[in-house]
Amino acid sequence: MPSRTPVESHRPLSSTMASSSLHALAGGSVRTATLLGLVIILLCVLAPAPAVAVDGCNLTAGFVQVDLPEGNYVVQSPYDVPENQRYSYDVATGVRTFWVYADDKPFNTVTLTNPRAEEVRLSGHDYSSGIWQFEGYGYVPSGTSGTSVMQIHNVDAGARATTLMLHVYNGTLRFYSGAAVEDGIYDRWFRLNVVHDVGASTVAVYVDGAPTLAANVTPSASHYFKFGVYVQHHDVSPRVESRWRNVTVYTKPY
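Below is a short write-up of the structure.

Cut-offs applied
- Residues numbered from 1 in each chain as written.
- Predicted model: local features only at pLDDT ≥ 70, side-chain atom pairs only at ≥ 80, totals over all residues.
- Heavy atoms only, no water.
- Helix = DSSP H or I, 4+ residues; strand = E, 2+ residues; numbered from the N terminus.
- Contact = heavy atoms within 4.5 Å.
- Areas by Shrake-Rupley, 256 points an atom, 1.4 Å probe, with all protein chains shown as cover.
- 1 Å grid on protein atoms, 1.4 Å probe; cavity = no way out; pocket = protein on both sides within 12 Å on 5 of 7 lines; lining within 4 Å.
- Points joined across faces, edges and corners; volume = space filled by probe spheres on them.
- Nonpolar A, V, L, I, M, F, W, Y, C, P; charged D, E, K, R; others polar.
- Buried < 20%, exposed > 50% of the residue type's maximum accessible area, 1.4 Å probe, protein only.
- Pairing = 2+ DSSP bridges.
- Polar contact = N/O pair within 3.5 Å; in protein donor to acceptor, adjacent residues only side chain to side chain.

1. As for the overall build of the protein chain
Helix and strand content of the protein chain: 1 helix and 15 strands. For the protein chain, contacts bridging at least 24 residues in sequence account for 72% of all contacts bridging at least 6. As displayed, the protein chain offers around 11700 Å² of accessible surface, 55% of which is attributable to carbon and sulfur atoms.

Quick look at the structure:
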């Protein structure tokens, strides 16, 4: 799919507070617990404001989790190889592993898209209004480059096929091929939250709970989430891979 330059982006933000010697204060454990509680509240208050209305200290607060039975995980794979040669699902650990080679075929014989390996399309929850949130734990092994690992796809045949794509290039997670979302993404489990406010045409991305991207996006009539690996157009490694677990979708009306 074609890359595009983001309309607006923000790099990771952080808040700092002056430290205090709580252990030197009188009042024993009760007073210490009270002071610690106040510190936590202040941290939440001082946290950077996200692009959409979510509680920065609990990203899913106010959202409702949608039901995602296994049948909603629709797999798309190269048309000429069996699914189990590009995808595995470990029921015991809940880990889904996706891999593809740079010269693999698309998922059918008529599409003009790039190779993909068992990229999951979360079906049954296409949406056209409200605020929607994707949450999942991802892992990208070192050496993987030139692939999309998560996207918000558009259902209608608009000017753009996607609302958001998160690409990996040489160890950096990026908004399409542009703004860096997270450096040092290789060889670690990271928690990814993507919040899409349909009415406002904005997306916000959080990595391990920290806001890492806020962007205005092109509106579309309907959307759905995808994750896995999907080869892009430059800096592509011979083999790309990502792993995912605990994928969850949330929503709330305006």
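That was the structure; now back to the text.
2. Regarding empty space enclosed by the protein
For the structure on display, the rule yields 1 cavity of 30 Å³ or more. Estimated volume of the largest cavity: approximately 30 Å³. As for the largest cavity, its lining consists of His196, Val198, Ser201, Val217, Thr218, Pro219, Ser220 and His223. Each residue belonging to the lining of the largest cavity can be placed in one class, and the counts come to 3 nonpolar, 5 polar and no charged.

3. A few points about the layout of surface pockets
Considering only enclosed or pocket space, the second largest pocket measures out at about 170 Å³ in volume. Together, Leu68, Glu70, Tyr73, Tyr89, Thr93, Gly94, Arg96, Trp244, Arg245, Asn246, Val247 and Thr248 line the second largest pocket. In terms of residue count, strand β15 (residues 239–252) provides more of the lining of the second largest pocket than any other element does, 5 residues in total. A per-class count over the lining of the second largest pocket returns 5 nonpolar, 4 polar and 3 charged.

4. Side note on unusual backbone geometry
For Tyr176, which is not glycine, the phi torsion reads 55° and is therefore positive. For Tyr176, the position within the fold is in the loop between β9 (172–175) and β10 (180–182). For Tyr176, a relative accessible area of 1% translates into the label buried. The phi angle at Asp187 is positive, at roughly 60°, despite the residue not being glycine. Structurally, Asp187 is set in the loop between β10 and β11 (190–197).

5. Details of the pairing of strand β3 (residues 87–90)
Alignment of β3 against strand β4 (residues 95–101), held across 4 bridges, turns out to be antiparallel. By the bridge assignment, Tyr89 is partnered in β4 with Arg96.

6. Regarding the environment of Glu70
Residue position: Glu70 is located in the loop between β1 (64–65) and β2 (73–76). In sequence terms Glu70 and Leu122 are 52 residues apart; their C-alpha atoms lie 9.7 Å from each other. Every residue in contact with Glu70, bar those within four places of it in the chain, is listed here: Tyr89 and Arg96. A polar atom in the side chain of Glu70 sits 2.8 Å from the side chain of Arg96.

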